[in-house]
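Fold and geometry: a report
Listed below are the residues making up each chain.
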Amino acid sequence: MKSRLTVLFTLVAILCVDRSLVAQTIPKDELIFLTSEWKGERFADGRPKISDALVERAKHIGIDDAWTVLKNEGYTNQFEGNWKLIHNDISVTGRAVTAMFMPSRPDVEKTIKERGITKQGRKGNTNTWPIETLTKGDVYVADAFGKIGGGTLMGATLGNAIFSKTGNGVVFNGAARDLQELQNINGFNAFVRDFHPSFLEEMVLMGLNSPIRIGNVMVLPGDLVIAQREGVLFVPAHLAEQVVSTAEFVTRKDQFGFETVKSGRYTTGQIDSQWTDEIKTDFLKWLGQHPELGAMSRPELDKVMSKRTW
């Protein structure tokens, strides 16, 4: 009897610890439910895990082409513009880790911090907690409700911590400070609403790896983030392969079209409409002469052309 009670109390203790560890995060089964279209690998918390190879390919596509693919699939609320950047020539591409901040309320902030420090072993202010969860290839995406003064989620110290964990940048619907020092982090970039000299104040973390809103976009953990000079595109994980593959084809198609139109072999009307078998054959032959653009089979070409509305 004693041994059974010992086992029971141990299980209860484990459950209590597990519940505390996922506090402020969306339950795993709920995240899987919201991202049920994703059929691939997942992180331990349920976040879709887009492959490193696909993320790498996504770094080389145009945001305009990717946006068009999403629009044609009915995803019309995936782009957000009007950002300030550290560098105009450094894009940020990776898997979203999301955080939601709200204006501070003393009773709520007090209980959240007490739980985080005493039961979860967390340290520091709540704006550092999402950084602890980051892994290579992640993009830290935070909704700080557009706050500028007192809304600086990151300075030079946290910027270095983020980059050392992810090798990537951030997207903040809020602000950052220490612009001069952040510029010195080689390869790092931030998409923020503004830069401000103030310290973070009157803000508290209310959601970690939960759905958040960035401007006009609903962002889910695991979304593919494509942030370029034009703005930020959030691609649902289950559409990432289709978006990247189609955008890659558009790049190849455009280059093929430029060359064949210039040589007089085809007209712009022929290139910019459904292709005949002759054009498809010529395209695949041309692609074989440009290995740097990647390979493509006839079935793959037929599939992408069958959905062509761009």
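A brief look at the structure comes next.

So, how was this worked out
- Residues numbered from 1 in each chain as written.
- Predicted model: local features only at pLDDT ≥ 70, side-chain atom pairs only at ≥ 80, totals over all residues.
- Heavy atoms only, no water.
- Phe/Tyr/Trp six-rings, centres within 6.5 Å; stacked < 30°, edge-to-face > 60°.
- Helix = DSSP H or I, 4+ residues; strand = E, 2+ residues; numbered from the N terminus.
- Lys NZ or Arg CZ within 6 Å of the ring centre and 35° of its normal.
- Axes fitted to C-alpha atoms, helices over the stretch in contact; angles between N-to-C directions.
- Parallel < 35°, antiparallel > 145°, perpendicular 65-115°, else oblique.
- Left-handed = near helix turned anticlockwise from the far one by under 90°.
- Contact = heavy atoms within 4.5 Å.
- Nonpolar A, V, L, I, M, F, W, Y, C, P; charged D, E, K, R; others polar.

On to the packing of aromatic side chains, then. If you walk through the whole model with that rule in mind, you get ten aromatic pairs. Considering the side-chain rings of Phe 256 and Tyr 266, the 6.4 Å spacing of their centres and the 50 degrees angle between planes classify their relative orientation as tilted. Taken as a pair, Phe 256 in helix α9 (residues 240-263) and Tyr 266 in the loop between α9 and α10 (268-271) lie far apart in primary sequence, ten residues in all. Following the ring pairs from residue to residue traces out a cluster consisting of Phe 249, Phe 256, Tyr 266, Trp 275, Phe 283 and Trp 286. Taking the ring centre of Phe 199 as reference, the NZ or CZ of Arg 177 above it sits at 4.0 Å. A cation sits over an aromatic face here: Arg 193 above Trp 83, 3.9 Å from the ring centre.

This part takes up unusual backbone geometry. In this structure, Asn 82 takes a positive phi of about 65 degrees despite not being glycine. Checked against the element boundaries, Asn 82 lands in the loop between β1 (79-80) and β2 (84-85). Residues other than glycine seldom take positive phi values, yet Phe 145 does so here, at roughly 45 degrees. Its place among the elements puts Phe 145 in the loop between β4 (138-143) and α7 (156-166).

Looking now at the packing of helix α11 (residues 277-288) against helix α12 (residues 298-306). Packing of α11 against α12 leaves a shortest axis separation of 11 Å and a crossing angle of 125 degrees. Judged by the inter-axis angle, α11 sits oblique to α12. α12 is crossed by α11, and the crossing has right-handed handedness. Contact residues: Asp 277, Lys 280, Thr 281, Phe 283 and Leu 284 in α11; Arg 298, Leu 301, Asp 302 and Met 305 in α12. The residue makeup of the contact of α11 with α12, split by class, is four nonpolar, one polar and four charged.

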